[in-house]
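Each chain, letter by letter, is given below.
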Amino acid sequence: MNADLFEGLPDLNLQQVCLDDGAFLLRGFAKNVDTALISAIEKVVTQSPLRHMITPGGFRMSVAMSNCGQVGWITDRSGYRYGVIDPETGRPWPALPETFIDIARRAAMRAGYENFLPDACLINCYEPGARLSLHQDKNERDESAPIVSVSLGLPAGFLFGGLSRTIRPKRYQLVHGDVAVWGGPSRFNFHGIAPLLDGYHPILGGKRINLTFRKAL
Ligand code: MD3
Ligand code: FE
């Protein structure tokens with residue numbers, strides 16, 4: 001008996017975990033398209049390279065980022081926002097690859113969001129020690145749209161809190177191929193990523209890449 005036997009029956013493989021009202025973790029949902037996603041990421045970052053942005057407070061982010069889509073998320077000394085131009089290249093962000101739109105739509109559908117059409121994708125690249133402190137995602141205009149995240153490469157400790165910073169976050173491990181959908185009441189929950197631990201992933205080596213699909217406009 002071999003796990004590959006079930007490739008045509010993803011429903012029997014899928015472990016869906018409800019994390020909170022409107023928040024679902026679809027374990028392994030992106031596994032069968034991992035290499036296609038990674039090829040598309042490589043192509044995007046040749047056009048808009050990964051870079052360490054500066055927070056409004058003047059700190060260099062430990063996570064390297066890029067974007068694709070109609071707009072991209074940026075931070076610098078003047079604040080957090082979405083913009084149509086990549087400030088590093090002076091050109092528009094690369095278009096969203098079809099494979100990105102497809103996985104985001106299918107994951108959202110599975111979580112009960114029938115019409116999710118992302119217009120932006122933030123690409124986060126973690127190396128050992130990189131972290132994302134507890135925050136809310138509040139720069140997107142359409143508050144009714146969910147955010148879909150795809151984890152690739154090394155595992156990470158994900159911290160999922162509540163609507164107030166004072167609620168102690170629950171900790172989950174996100175591994176290669178995991179997809180999560182954050183919508184409804186949990187859309188504005190505080191969340192973060194613990195410092196990435198050293199490790200080796202057969203495809204991505206010593207890195208973790210996270211894609212977050214958003215409807216920003
Ligand atoms: C819960 N990224 O880019 S993805 C981010 O793994 C971000 O790089 C993390 O937080 C990462 O903003 C976590 C999981 C995630 C994304 C958005 C959320 C969880 C969320 C929005 C609301 C609630
Ligand atoms: Fe976030």
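Residues numbered from 1 in each chain as written. Chains lettered and ligands numbered in written order. Predicted model: local features only at pLDDT ≥ 70, side-chain atom pairs only at ≥ 80, totals over all residues. Heavy atoms only, no water.

Per an unreviewed UniProt entry, the chain is named DNA oxidative demethylase, and its organism is Candidatus Nitrotoga arctica.

Peer 1: For the overall build of the chain, give the residues involved together with the corresponding values.
Peer 2: What the chain contains, in helices and strands, is three helices and 13 strands. Relative to its length of 217 residues, the chain is compact, with a C-alpha radius of gyration of 16 Å against a globular reference of 17 Å. By principal-axis analysis of the C-alpha atoms, the chain measures approximately 55 × 40 × 35 Å. Evaluated residue by residue, the chain yields a buried proportion of 50% over its 217 residues. (Helix = DSSP H or I, 4+ residues; strand = E, 2+ residues; numbered from the N terminus. Rg over C-alpha atoms; globule rule 2.2 N^0.38 Å. Buried < 20%, exposed > 50% of the residue type's maximum accessible area, 1.4 Å probe, protein only.)

Peer 1: Break down the packing of aromatic side chains for me, citing the residues and quoting the values.
Peer 2: According to the stated counting rule, one finds five aromatic pairs in the structure shown. Between the aromatic rings of tryptophan 73 and tyrosine 80, the centroid separation amounts to 5.5 Å while the plane-to-plane angle is 25 degrees, which identifies the pairing as stacked. A residue is classified by how much of its surface remains accessible, and tryptophan 73, at 11% relative accessible area, is buried. The exposure class assigned to tyrosine 80 is partly exposed, which follows from its relative accessible area of 46%. For the pair phenylalanine 100 and phenylalanine 213, a centre-to-centre distance of 5.6 Å together with 80 degrees between the ring planes defines the contact as edge-to-face. Of the two residues, phenylalanine 100 sits in helix 3 (residues 98-110) while phenylalanine 213 sits in strand 13 (residues 208-214), which places them 113 residues apart along the sequence. You'll find phenylalanine 100 and phenylalanine 213 in the same group, each marked buried. Chaining the aromatic ring pairs together yields one cluster made of Phe158, Phe160 and Trp182. The positively charged end of arginine 208 is found above the aromatic ring belonging to tyrosine 126, 5.0 Å away from the centroid. (Phe/Tyr/Trp six-rings, centres within 6.5 Å; stacked < 30°, edge-to-face > 60°. Lys NZ or Arg CZ within 6 Å of the ring centre and 35° of its normal.)

Peer 1: I'd love a proper account of the sheet that holds strand 10 (residues 170-174), names of residues and values included.
Peer 2: Taken in spatial order, the four strands of this open sheet run 7-12-9-10, and their pairing is antiparallel. Looking along the sheet, the strands with just one partner apiece sit at the ends: strand 7 (132-135) and strand 10. Geometrically, the sheet is characterised by an average inter-axis angle of 20 degrees between neighbouring strands, direction not taken into account. Pairing between strand 9 (residues 156-160) and strand 12 (residues 191-193): three bridges, direction antiparallel. By the bridge assignment for strand 12, phenylalanine 160 is matched with histidine 191. (Pairing = 2+ DSSP bridges. Axes fitted to C-alpha atoms, helices over the stretch in contact; angles between N-to-C directions.)

Peer 1: Which residues make up the pairing of strand 1 (residues 15-20), and what are the values?
Peer 2: Sheet topology note: the strand 1/strand 2 (residues 23-27) ladder contains five bridges and is antiparallel. Counterpart to valine 17 in the pairing with strand 2 is leucine 25. Hairpin connection of strand 1 to strand 2: two residues between the antiparallel strands, including glycine 22 at a positive phi of 85 degrees.

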